[in-house]
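Spelled out, the chains give:
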Amino acid sequence: MRPIQMVDLKQQYQKLKEEIDAAVISVLESSAFINGPQVHSFAASLASYNGARHVLPCANGTDALQIAMMALGLQPGDEVITPSFTYIATTEVIALLKLTPVFVDVDPKTFCIDPKAIEAAITPRTRAIVPVHLYGQAANMEEIMKIADTHGLAVIEDNAQAIGSEYIFSDGTVKKTGSIGTIGTTSFFPSKNLGGYGDGGALMTNDDALAETIKMIANHGQSKRYYHDIVGCNSRLDTIQAAVLEVKLKHLDAYIDSRRKLADAYDQAFQGQPGVTTPYRAPYSKHVFHQYTLVLDGIDRNGLHDYLASRNIPSMIYYPVPAHRQKMFESFGSSATSLPVTDWLTERVISLPMHTEMEQEQLEQITTEVVNYINKQY
Ligand SMILES: *Cc1c(COP(=O)(O)O)cnc(C)c1O
């Protein structure tokens, strides 16, 4: 049996080797390393996959969030409502731009931002909401868009963990996550559901004017060569990454299927285990299982992590410290914010290996060891 990994990128590459190698070699041969034709064709393919009018590639998912906030013209002191229960990138760029992060709690079932908490946090200074589709589960976008419309707020969807997920509105309309808010952002970090072989990211929007602004900001604020109208940055997707991503995008739906099947198998194995809550699948969306995350109550979570490690089974705590308890945000006084669900989950979540190359034997070993540990605790 191969060693178990959180994400098995080597095995995935072996299966795509011919296609990927040919795509990378063609970039090397053309030597169009920056803004080569693959960058544009990948952006067009992703736009059509995601049902967005514009996809603007950039250097990584963190830049995508930053550029989104710059493009919306947010000004120092403007308040941005965001979950604390997320990867640091979502919240860090808010502070970097001297905006004010307003951390709100998440829904204990979906792990995503709680619409009621958003409403309660709105002030005259609120300008934007940044929902995160955490672990591949979409946030409640219907409610969030209603709140945003009522209060005239922009919505930036952090879709780094949920590319390919679908949101089903109550009138039956289906939209892919990332294409619902004012701007959607994503990351092509290698371990993401659509991952490159290095860094990469993208923004998407249906707004033509915003798309133009985003393009300018990502390219030194340039309107034409050497004419810089606004302050921007330098954030590009490499041609080699675009070539890899174009190959992998064709497999994304199959990858999502295999993640969902693995999640089904985990669900079945843990069904009825005392103290274990398997991931909730909101009826309004298609979960794409970037992570398979259990909530353990009355079970020593860190003990399980160590026990699995001693059996060569990796597991991860996403994330051990929520944003509002990070030193980075001390000056905002955010540690005094009361986010009971976030704190409760932080002590209890554990993510198991989740990828597209899991073997039956590996799956059995993981589930057997998890169940063994739980039984020892009860
Ligand atoms: C990965 C990730 C990002 C940042 O992506 P990078 O490409 O690593 O900059 C942002 N938000 C979330 C929720 C992520 O998981």
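Residues numbered from 1 in each chain as written. Predicted model: local features only at pLDDT ≥ 70, side-chain atom pairs only at ≥ 80, totals over all residues. Heavy atoms only, no water.

1. Here we look at the pairing of strand β2 (residues 79-83)
Stated formally: Only protein chains enter the area calculation, which uses a 1.4 Å probe; residues under 20% of their type maximum are buried, those over 50% are exposed, and those in between are partly exposed. Think of it this way: any DSSP run of H or I at least four residues long counts as a helix, any run of E at least two long counts as a strand, and we number them from the N terminus. Note: two strands are recorded as paired if DSSP finds a minimum of 2 bridges between them. A crossover gets the label right-handed when its path from the first strand over the helix to the second runs clockwise, viewed with the strands pointing away from the viewer.
Counting buried residues in β2 gives five out of five residues, a clear majority hidden from the surface. Both faces of β2 are covered, namely the face carrying Glu-79, Ile-81 and Pro-83 and the face carrying Val-80 and Thr-82. Direction of pairing for β2 relative to strand β3 (residues 100-104): parallel, over a ladder of five bridges. Across the sheet, Val-80 pairs through a bridge with Pro-101, a residue of β3. Once the chain exits β2 it traverses helix α4 (residues 88-96) before rejoining the sheet at β3, and the crossover so formed is right-handed. Pairing of β2 with strand β4 (residues 126-129), which is carried by three bridges, proceeds in the parallel orientation. By the bridge assignment for β4, Ile-81 is matched with Ile-129.

2. Considering a nonpolar patch on the surface
In plain terms, the rule: Think of a patch as exposed residues, more than 30% relative accessible area, with no salt bridge, where like charges cluster within 9 Å and nonpolar side chains (Val, Leu, Ile, Met, Phe, Trp, Tyr) cluster within 5 Å. The Shrake-Rupley method, run with a 1.4 Å probe, gives the accessible areas here. Residue values count only the displayed protein chains as cover. Salt bridges, as used here, are contacts in which a Lys or Arg side-chain nitrogen is within 4 Å of a carboxyl oxygen on Asp or Glu.
Taken together, the side chains of Ile-25, Leu-28, Phe-33 and Ile-34 define a hydrophobic patch exposed on the protein surface, amounting to about 360 Å² of accessible area. Looking at where Ile-34 falls in the secondary structure, it is placed in the loop between α1 (9-30) and α2 (37-50).

3. Quick look at the sheet that holds β4
What counts is decided by this rule: Simply put, an axis is a line fit to the C-alpha atoms, just over the touching stretch for a helix, and the angle between two N-to-C directions goes from 0 to 180 degrees. By definition, residues are in contact when any of their heavy atoms lie within 4.5 Å.
Spatially, seven strands are ordered β1-β9-β8-β5-β4-β2-β3 in an open sheet, and the strand pairing comes out mixed. Each edge of the sheet is formed by a strand with only one pairing partner; in this case those strands are β1 (54-58) and β3. Mean inter-strand twist for the sheet, computed between neighbouring axes without regard to direction, equals 25 degrees. Of the strand pairs in this sheet, β4 and strand β5 (residues 154-158) are connected by two bridges, and their pairing is parallel. Counterpart to Ala-128 in the pairing with β5 is Ala-154. Running over the sheet, helix α6 (residues 141-151) touches β4 and β5 and is turned about 155 degrees from β5. Contacts between helix α7 (residues 208-218) and the sheet are confined to β1, β8 (183-187) and β9 (201-205), with β1 contributing the most and set at about 15 degrees to the helix.

4. A look at the pairing of β1
With respect to burial, β1 is a largely interior element, four of its five residues being buried. Where β1 and β9 come together, five bridges link them in antiparallel fashion. Across the sheet, residue Leu-56 finds its bridge partner in β9, namely Leu-203.

5. Thoughts on the layout of surface pockets
Worth spelling out the cut-off: Using only the protein atoms, space was sampled on a 1 Å grid; points where a 1.4 Å probe fits but cannot get out form cavities, open sets with protein on both sides within 12 Å along at least five of seven lines form pockets, and lining residues are those with an atom within 4 Å of a point. Grid points are joined across faces, edges and corners, and a volume is the space filled by probe spheres set on the points. Where a domain begins and ends is set by an automatic assignment or by a domain database.
Its boundaries defined by the atoms lining it, the largest pocket holds a volume of some 500 Å³. If you trace the largest pocket, you find 28 residues lining it, with Tyr-87, Ser-187, Phe-189, Lys-192 and Tyr-319 closest to the centre. Where the lining of the largest pocket is concerned, the elements lending two or more residues are α3 (61-71), α4 and β8. Composition of the lining of the largest pocket by domain shows at least three residues from each of domain 1 (9-249) and domain 2 (252-377).

6. Here's the deal with α1
Quick reminder of the rule: Take the residue count of a helix, subtract one, and multiply by 1.5 Å to get its expected span. Note that the bend at a residue is defined as the angle between axes fitted to the seven residues ending at it and the seven residues starting at it.
With 22 residues, α1 extends just 27 Å between its outermost C-alpha atoms, more than 12% less than the 32 Å of an ideal straight helix rising 1.5 Å per residue. Along α1, the largest kink reaches about 75 degrees and is centred on Leu-16. Looking at α1, one finds that the buried residues are Gln-12, Leu-16, Ile-20, Ala-23, Val-24 and Val-27. Structurally, α1 contributes buried residues whose contacts are with α2, α8 (239-249) and α9 (252-270).

7. Topic: the domain arrangement of the protein
To keep things clear, this is the line we draw: Accessible surface is computed with a 1.4 Å probe, and the buried area is the amount of it that two parts give up when combined, taken over both parts together. Each polar contact in these results corresponds to two N or O atoms within 3.5 Å; when the atoms are within protein, one needs to be able to donate a hydrogen and the other to accept it, and residues that are neighboring in sequence are counted only if both atoms are side-chain atoms. All amino acids are sorted into three groups, where Ala, Val, Leu, Ile, Met, Phe, Trp, Tyr, Cys and Pro are nonpolar, Asp, Glu, Lys and Arg are charged, and the leftover types, Gly among them, are polar.
One can read the domain layout of the protein as domain 1 (9-249) and domain 2 (252-377). Placing a centre on the C-alpha atoms of domain 1 and another on those of domain 2 gives a separation of 24 Å. Here domain 1 packs against domain 2, burying approximately 3,700 Å² in sum over the two surfaces, 62% of which is carbon and sulfur. On the domain 1 side of the contact with domain 2, Phe-103, Tyr-135 and Asn-193 bury the most area, a combined 19% of that side's loss. Here domain 1 is connected to domain 2 by one salt bridge. Of the charged contacts, one joins Lys-15 and Glu-357 as a salt bridge, the two residues approaching to 2.4 Å between their closest N and O atoms. Our enumeration of links across domain 1 and domain 2 arrives at 25 residue pairs in polar contact (both at pLDDT 80 or more). Residue composition of the side of domain 1 that touches domain 2, by class: 23 nonpolar, 15 polar and eight charged.

8. As for the packing of aromatic side chains
So the rule is basically this: Only rings of Phe, Tyr and Trp enter the pairing, Trp through its six-membered ring, and a pair is recorded when the two centres are within 6.5 Å. The plane angle decides the type: under 30 degrees is stacked, over 60 is edge-to-face, the rest tilted. A ring has a charge above it when a Lys NZ or an Arg CZ is no more than 6 Å from the ring centre and no more than 35 degrees off the ring normal.
All chains considered together, the criterion is met by 16 aromatic pairs. For the pair Tyr-87 and Tyr-319, a centre-to-centre distance of 5.7 Å together with 40 degrees between the ring planes defines the contact as tilted. On the criterion of sequence distance, the pair formed by Tyr-87 in the loop between β2 and α4 and Tyr-319 in the loop between α10 (301-310) and α11 (340-348) is long-range, its members being 232 residues apart. Since its relative accessible area comes to 43%, Tyr-87 is described here as partly exposed. Ring centres of Phe-111 and Tyr-135 lie 5.2 Å apart, and the angle between their planes is 70 degrees; on these two criteria the pair is classed as edge-to-face. Here Phe-111, found in the loop between β3 and α5 (115-121), pairs with Tyr-135, found in the loop between β4 and α6; they are 24 residues apart in sequence, far enough to count as distant. A relative accessible area of 6% means that Phe-111 is categorised as buried. Just above the ring of Tyr-280 sits the side chain of Lys-109; from NZ or CZ to the centre is 4.6 Å.

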